[in-house]
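This is what each chain is made of:
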Amino acid sequence: MLLQIEQIVFAALVFFALIILVAILSSAIRIIPEYQRAVKFRLGRVVGVVGPGLVFIIPIIETIMRYDLRVEVVDVPAQRALTKDNVEVTIDAAIYLRVIDPLKTALTVRNHVPAVAIYAASTLRDVVGMVDLDTLLTHRDEIAKRIASIVDEHVTPWGVKVSAVAIKDIKLPDVLLRAMASQAEAERVRRAKITLASAEYEASKIYLEAAERYSQNPTAVQLRMIDALIEIAREHNLIIVTPPTLEYVALPLAISKREQQK
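Attention in this report is confined to the structure presented alongside it. From a predicted model like this one, the values you see are computed outputs, not experimental measurements.

The relative placement of two packed helices comes down to the angle between their axes together with the axis-to-axis distance. Between helix α3 (residues 112-128) and helix α5 (residues 140-155), the shortest axis-to-axis distance is 10 Å and the interhelical angle comes to 135°. Classed by the angle they form, the pair α3 and α5 counts as oblique. Crossing handedness for the pair α3 and α5: right-handed. When α3 is examined against α5, the residues V116, Y119, A120, T123, L124 and V127 are found in contact with a partner set consisting of I143, R146, I147, I150, V151, H154 and V155. Along the lines of polarity and charge, the residues of the contact of α3 with α5 split into ten nonpolar, two polar and one charged.

Okay, structure coming up:
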């Protein structure tokens, strides 16, 4: 009976030892994907960057910090800024960043994503304050590149690379939008009047040339008037009163035309 108790206790000890061993092995083995790197610390000191693949660590003594090397898209909260010509605008932007040196990132900045986002928001307000509204609306890409360059220069010591900044939307006050719409409408009216005036000018030159030719031959004027009367006479509900001179011109023409038909 005593022997059986000893065997049961021994089996229980072995079972618990296996559980502890499995727990130790599971905490000692790490699998790092291809798109990640890990910074290993041993008793608080940096050992180096490890990965990708299978990584072994000593439980309790060693720890690791993982960093994703893929591009991250970070939305910058809507920023209210004042342009150079004192127009208040609200700008939505996004930052494209990635970690290029995990060791620098681990040793210099605690949370690199919010840190970059906050600095980018401040830079966005500063850059917008240096340009007027027209430049902001027409050169959006150039302003975004300028912001990306400034932010990238500041965060490079953190081991982070800012590849681009995208300005998604620029919101203007309603009063300014109505004013811009009125300005655009006035510009279209101005162009329409200029086009109409140009057409009138061209037509006046043609009328002047025609008048000079008609002045050389009065009969041509009478014939042109007859053609105009024919066009008017197509409307049967009109009564046309012709000048007396047209009768003297039209009668010989009608007689000659009838003789030709005979």
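This part takes up the pattern of salt bridges. By the definition in use, this model includes six salt bridges. Put simply, R42 and E62 hold a salt bridge, and the shortest N to O gap is 2.5 Å. Within this pair, whereas R42 is found in strand β2 (residues 36-42), its partner E62 is found in strand β5 (residues 62-68), the two being separated by 20 residues in sequence. R42 gets classed as partly exposed once you look at its relative accessible area, which sits at 39%. Judged by its relative accessible area of 5%, E62 falls in the buried class. Three or more residues are tied together by salt bridges with common partners; here these are K40, R42 and E62.

If you trace the three strands from one edge of the open sheet to the other, you get β6-β7-β8, paired in antiparallel fashion. Strand pairing shows two members of the sheet lacking a second neighbour, β6 (72-82) and β8 (160-171), which therefore form its edges. Direction aside, neighbouring strands of the sheet carry axes that sit 25° apart on average. Summarising the sheet, β6 and strand β7 (residues 88-99) pair through nine bridges and their orientation is antiparallel. In the sheet register, E72 faces β7, and the bridge partner there is L97.

Let us look at empty space enclosed by the protein. Applying the stated criterion to the full structure yields one cavity of 30 Å³ or more. Surrounding the largest cavity, V76, A93, I95, A120, A121, L124, I147 and V165 form its lining. Only β7 and α3 provide two or more residues apiece to the lining of the largest cavity. Take the lining of the largest cavity: its biggest share by element is three residues, from α3. Partitioning the lining of the largest cavity into residue classes produces eight nonpolar, no polar and no charged.

Okay, the environment of W158 next. Note on placement: W158 falls in the loop between α5 and β8. Assessed through its relative accessible area of 18%, W158 is described here as buried. A C-alpha to C-alpha distance of 6.4 Å links W158 and V109, two positions 49 residues apart in sequence. Filtering out sequence-adjacent residues up to four positions away, W158 remains in contact with D101, K104, T105, T108, V109, A115 and V116.

Counting residues in each nonpolar core, the largest one holds 33 residues, and the members touching the most others are V89, I91, I95, V116, L136 and V162. Mapped onto this core, the elements with two or more residues apiece are β6, β7, α3, α4 (133-138), α5 and β8. The element best represented in this core is α3, accounting for seven residues. Contact partners of L136, with chain neighbours within four places excluded, come to T83, V89, I91, V128, V131, I143 and I170.

If you check α5, its first and last C-alpha atoms are 23 Å apart, about what 16 residues at 1.5 Å a residue would give, namely 22 Å. Within α5, the full set of buried residues consists of I143, A144, I147, A148, V151, D152 and V155. One side of α5 carries all its buried residues, which in axial view fall inside an arc of 165°. Those residues of α5 that are exposed and aimed more than 90 degrees away from the buried face are E142, K145 and E153. Its buried side turned inward, α5 meets α3, α4 and β8.

By secondary structure assignment, the location of D92 is in strand β7. Here D92 is buried and forms no salt bridge, its nearest opposite-charge partner K171 lying at an N-O distance of 4.2 Å.

To continue, consider the packing of aromatic side chains. Applying the stated criterion across every chain yields a total of zero aromatic pairs. Its guanidinium or amino end placed over the ring of Y35, R70 lies 3.8 Å from that ring's centre, counting from NZ or CZ.

Cut-offs and rules
- Sequence order sets the numbering: in each chain, residues are counted from 1 along the sequence as written.
- Local features are withheld for residues below a pLDDT of 70 in this predicted model, meaning they are given only at 70 or higher, and side-chain atom pairs are given and counted only at 80 or more; totals for whole chains, interfaces and linings count all residues.
- Here the side-chain values reflect all heavy atoms present in the structure, with hydrogen atoms and water set aside.
- Axis lines are fitted through C-alpha atoms, for helices just across the contact stretch, and the angle between N-to-C directions can take any value from 0 to 180 degrees.
- A run of H or I in DSSP becomes a helix once it reaches four residues, and a run of E becomes a strand once it reaches two; helices and strands are each numbered from the N terminus.
- In these notes the angle categories are as follows: under 35 degrees is roughly parallel, over 145 is roughly antiparallel, 65 to 115 is roughly perpendicular, and the rest is oblique.
- What makes a crossing left-handed is the near helix being turned counterclockwise from the far one by less than a right angle; a clockwise turn instead makes it right-handed.
- Contacts between residues were defined by any pair of non-hydrogen atoms, one from each residue, lying within 4.5 Å.
- All residues other than Ala, Val, Leu, Ile, Met, Phe, Trp, Tyr, Cys, Pro, Asp, Glu, Lys and Arg, Gly among them, are scored as polar; the first ten of these are nonpolar and the last four charged.
- What makes a salt bridge here is a side-chain nitrogen of Lys or Arg within 4 Å of a carboxyl oxygen of Asp or Glu, nothing more.
- Burial classes follow relative accessibility: with a 1.4 Å probe on protein chains only, a residue under 20% of its type's maximum area counts as buried, one over 50% as exposed, and anything between as partly exposed.
- Two strands pair under a simple rule: DSSP has to find at least two bridges between them.
- Both site types are read off a 1 Å grid over the protein atoms alone. A 1.4 Å probe that fits but cannot get out defines a cavity, while an open set with protein on both sides within 12 Å along at least five of seven lines defines a pocket; lining residues have an atom within 4 Å of a point.
- Grid points are joined across faces, edges and corners, and a volume is the space filled by probe spheres set on the points.
- Grouping buried Ala, Val, Leu, Ile, Met, Phe, Trp, Tyr and Cys residues that are joined through side-chain atoms within 4.5 Å yields what is termed a nonpolar core.
- The span you would expect from a helix comes to 1.5 Å times its residue count less one.
- The arc in question is the one traced by the directions running from the helix axis out to the C-beta atoms.
- Counted as positive: Lys and Arg. Counted as negative: Asp and Glu, with His and the chain ends omitted from the count.
- Two rings belonging to Phe, Tyr or Trp (six-membered ring only in the last case) form a pair when the distance between their centres is within 6.5 Å. Interplanar angles under 30 degrees mark stacking, angles over 60 mark edge-to-face geometry, and anything in between is tilted.
- The criterion for a charge sitting over a ring is simple: Lys NZ or Arg CZ within 6 Å of the ring centre, and within 35 degrees of the ring normal.

What is shown is where atoms sit, not what they do.
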